[in-house]
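# Survey of secondary and tertiary structure
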Amino acid sequence: MKIGVIGAGSWGTALANVVAANGHETTLWAYEPELVAGMSATRINHLFLPGIELHRGLQYTGSLSEAVQGAELVLLVTPTQVMRGVLASLQTEIDSSAVLASASKGIELGTLCTVSQICSQVLGEAAEQRFVALSGPTFAKEVALGLPSLIVAGSTNQVAAHTVQAAFSNPVFRVYTSDDAIGVELGGAVKNVIAIAAGISDGLGFGHNTRAALITRGLAEMKRLGRAMGAQDATFAGLAGMGDLVLTCTGDLSRNRTVGVKLGQGQTLEAIMAEMRMVAEGVKSAESVNALAQRLEVEMPITQKVYEILYGNKPARQAVLELMSRDLKPEQA
Ligand SMILES: NC(=O)c1ccc[n+]([C@@H]2O[C@H](COP(=O)([O-])OP(=O)(O)OC[C@H]3O[C@@H](n4cnc5c(N)ncnc54)[C@H](O)[C@@H]3O)[C@@H](O)[C@H]2O)c1
Ligand SMILES: O=P(O)(O)OC[C@H](O)CO
């Protein structure tokens, strides 16, 4: 199968490596010209996935049209906030029958769109019929090292979901299908915001109790938003929900959790972002998910506090106090 992968960050590179190793004719598009030259010469993504030699069959390009030319499957893996611009450049280049998969995790600022909604707006409504959200507990580095990992391909079109499942699955990378594309997308976007909260908690010196509470109540927020957007509760009990939430809130490889830890230790957001080349989607999604919750009148208190800490100068300890002092009530999901 011919596959184009758009975005050579750590995740796009790791996923392109999976399908190339599975025997598919794969071309990886990189935004940075020096990365195209570097990967072509050394088979190593020295900027975003250092130290890991990529499959010999993987091709690299800096041309978007070359990456998707003749592709039966196009995988989008840029940061969510630049997705619309990248897709606009690809609008006339992608084959109208190609499966469109996204492994990006976020909600667009301003429009409050998920990636599937961005695709529909830019490429036309029919794009939703061939859209697949690929998400789960998967640190790029561990996938690239071949450590056993599981993920979900969610789509309203089960033929498209099965195409992605077949293309990516191998003995160390197991892909499940789901018919809940929006649930799979929302799980990936919201868990990043909750992971910042979990990091803040650890950075403040709180314990395992606090972190477990944030994960559990974060899951309740994810479910509530999902219900308001037509997702299925069961999706959030699975890999793209609880699985990814647990990974990101507890794993030291998480960029979102790391941002939170540093905030909890007293660093400013500006200082943290200034020394970070990689993307921590939760930083921007804290604003967009919080706005989405307000628009849909969904109660998401942890998300709201993360937003206030990041953008409202609220001290993290005060935010925790406010969360703990909310009205007492029965436990609800
Ligand atoms: N890294 C992971 O373990 C992982 C796992 C699952 C999902 N994701 C998601 O994958 C998406 C991509 O993240 P990543 O971790 O691969 O990225 P990264 O942090 O490793 O690298 C940043 C990426 O952003 C790209 N970029 C920056 N400015 C750009 C622009 N103006 N136009 C186009 N591209 C630009 C860079 O080229 C690079 O590909 C995110 O939504 C992330 O949440 C990441
Ligand atoms: O490093 P993070 O926090 O962006 O998380 C990476 C993946 O989304 C984990 O599944």
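As annotated in an unreviewed UniProt entry, the protein chain carries the name Glycerol-3-phosphate dehydrogenase [NAD(P)+] and comes from Trichlorobacter thiogenes. UniProt's Pathway (unreviewed entry) comment on the protein chain is quoted here verbatim: "Membrane lipid metabolism; glycerophospholipid metabolism." The Subcellular location (unreviewed entry) field of the UniProt record for the protein chain holds the comment "Cytoplasm".

## What about the overall build of the protein chain?
Within the protein chain one finds 16 helices and eight strands. Relative to the 2.2 N^0.38 estimate, which gives 20 Å for 333 residues, the radius of gyration of the protein chain is 19 Å and therefore close to what a compact globule would have. Projected onto its principal axes, the C-alpha coordinates of the protein chain cover approximately 55 × 40 × 35 Å. Counting the 333 residues in the protein chain, one finds 53% classified as buried. Summarising the internal contacts of the protein chain: among those between residues at least 6 apart in sequence, 73% fall at separations of at least 24.

## Quick look at the site of ligand 1
Contacts to ligand 1 come from 25 residues, most closely from G9, W11, Y31, A140 and M278. Listing elements by their share of the shell around ligand 1, those giving two or more residues are α1 (10-21) and α4 (80-90). Residues belonging to the shell around ligand 1 are distributed by class as follows: 13 nonpolar, nine polar and three charged. Each of domain 1 (2-179) and domain 2 (190-324) contributes no fewer than three residues to the shell around ligand 1.

## Section: the pairing of strand β7 (residues 149-154)
In regular strands, side chains alternate between the two faces of the sheet. Here β7 lies mainly inside the structure; five of its six residues are buried. Once the chain exits β7 it traverses helix α7 (residues 158-168) before rejoining the sheet at strand β8 (residues 173-178), and the crossover so formed is right-handed.

## Some remarks on the UniProt feature "binding site: substrate" (unreviewed entry) in the protein chain
Under the UniProt annotation, "binding site: substrate" (unreviewed entry) lies at K105, R255 and N256. Across 152 residues, the annotated set stays spatially compact, with a maximum C-alpha separation of 12.8 Å. Looking at the element boundaries, K105 is found in the loop between β5 (99-102) and α5 (115-123). Residue class for K105 comes out buried when judged on the 31 C-beta atoms lying within 10 Å of it. The residues touching K105, leaving out its near neighbours within four places in the chain, are S135, G188, A189, N192 and E281. Mapped onto the secondary structure, R255 falls in helix α12 (residues 255-264). Leave out the neighbours within four places in its chain, and R255 touches M278 and A280.

## A look at the site of ligand 2
Taken together, 14 residues surround ligand 2, and among them T138, D244, S254, R255 and N256 come closest. Put simply, the parts of the chain that give the shell around ligand 2 at least two residues each are α8 (181-203), α11 (239-250) and α12. Tallied by class, residues from the shell around ligand 2 come to five nonpolar, five polar and four charged. Taken domain by domain, the shell around ligand 2 gets at least three of its residues from each of domain 1 (2-179) and domain 2 (190-324).

## Regarding the sheet that holds strand β3 (residues 59-61)
Hydrogen bonds between backbone groups are what pair the strands of a sheet, and the pairing can be parallel or antiparallel. The sheet built from eight strands is open, its strands ordered β3-β2-β1-β4-β5-β6-β7-β8 with mixed pairing. Edge strands, defined here as strands with exactly one partner in the open sheet, are β3 and β8. Within this sheet the neighbouring strands show an average axis-to-axis angle of 25 degrees, counted without direction. As paired strands, β7 and β8 are joined by six bridges and run parallel to one another.

## Side note on the environment of R295
In this fold, R295 is placed in helix α14 (residues 281-296). By the C-beta count within 10 Å, which is 10 here, R295 ends up exposed. For the pair R295 and L112, spaced 183 residues apart in sequence, the C-alpha to C-alpha distance is 9.6 Å.

## A word on helix α16 (residues 316-324)
Taken together, the buried positions of α16 are A316, A319 and V320. Take α16 and look down its axis: the buried residues cluster within an arc of 100 degrees, on one side only. Residues of α16 that are exposed and point over 90 degrees away from its buried face: R317, Q318 and L321. Buried positions along α16 lie against α8, α12 and α15 (301-311).

## Observations regarding the packing of helix α9 (residues 208-228) against α11
Angle between the axes and distance between the axes: these two values describe a pair of packed helices. Direction vectors running N to C along α9 and α11 enclose 145 degrees, while the axes themselves pass 10 Å from each other. Crossing geometry of α9 relative to α11 is assigned as right-handed. The segment α9 lies against α11, with R211, L214, I215, G218, L219 and M222 engaging G241, M242, L245, V246 and C249. Taken together, the residues that form the contact of α9 with α11 break down as eight nonpolar, two polar and one charged.

## Topic: the UniProt feature "domain: Glycerol-3-phosphate dehydrogenase NAD-dependent C-terminal" (unreviewed entry) in the protein chain
Sequence positions flagged by UniProt for "domain: Glycerol-3-phosphate dehydrogenase NAD-dependent C-terminal" (unreviewed entry) are, in local numbering, residues 180-320. Here residues 180-320 is 77% helix and 0% strand, with 33 Å between the C-alpha atoms at its ends.

What counts and how
- Residues numbered from 1 in each chain as written.
- Chains lettered and ligands numbered in written order.
- Predicted model: local features only at pLDDT ≥ 70, side-chain atom pairs only at ≥ 80, totals over all residues.
- UniProt positions renumbered as here; feature names shortened; annotations may be inferred.
- Helix = DSSP H or I, 4+ residues; strand = E, 2+ residues; numbered from the N terminus.
- Rg over C-alpha atoms; globule rule 2.2 N^0.38 Å.
- Buried ≥ 20, exposed ≤ 12 C-beta atoms within 10 Å, placed from the backbone.
- Contact = placed C-beta atoms within 7 Å.
- Near = placed C-beta within 6 Å.
- Nonpolar A, V, L, I, M, F, W, Y, C, P; charged D, E, K, R; others polar.
- Domains from an automatic or database assignment.
- Right-handed = clockwise from strand over helix to strand, strands pointing away.
- Pairing = 2+ DSSP bridges.
- Axes fitted to C-alpha atoms, helices over the stretch in contact; angles between N-to-C directions.
- Arc of directions from axis to C-beta.
- Left-handed = near helix turned anticlockwise from the far one by under 90°.

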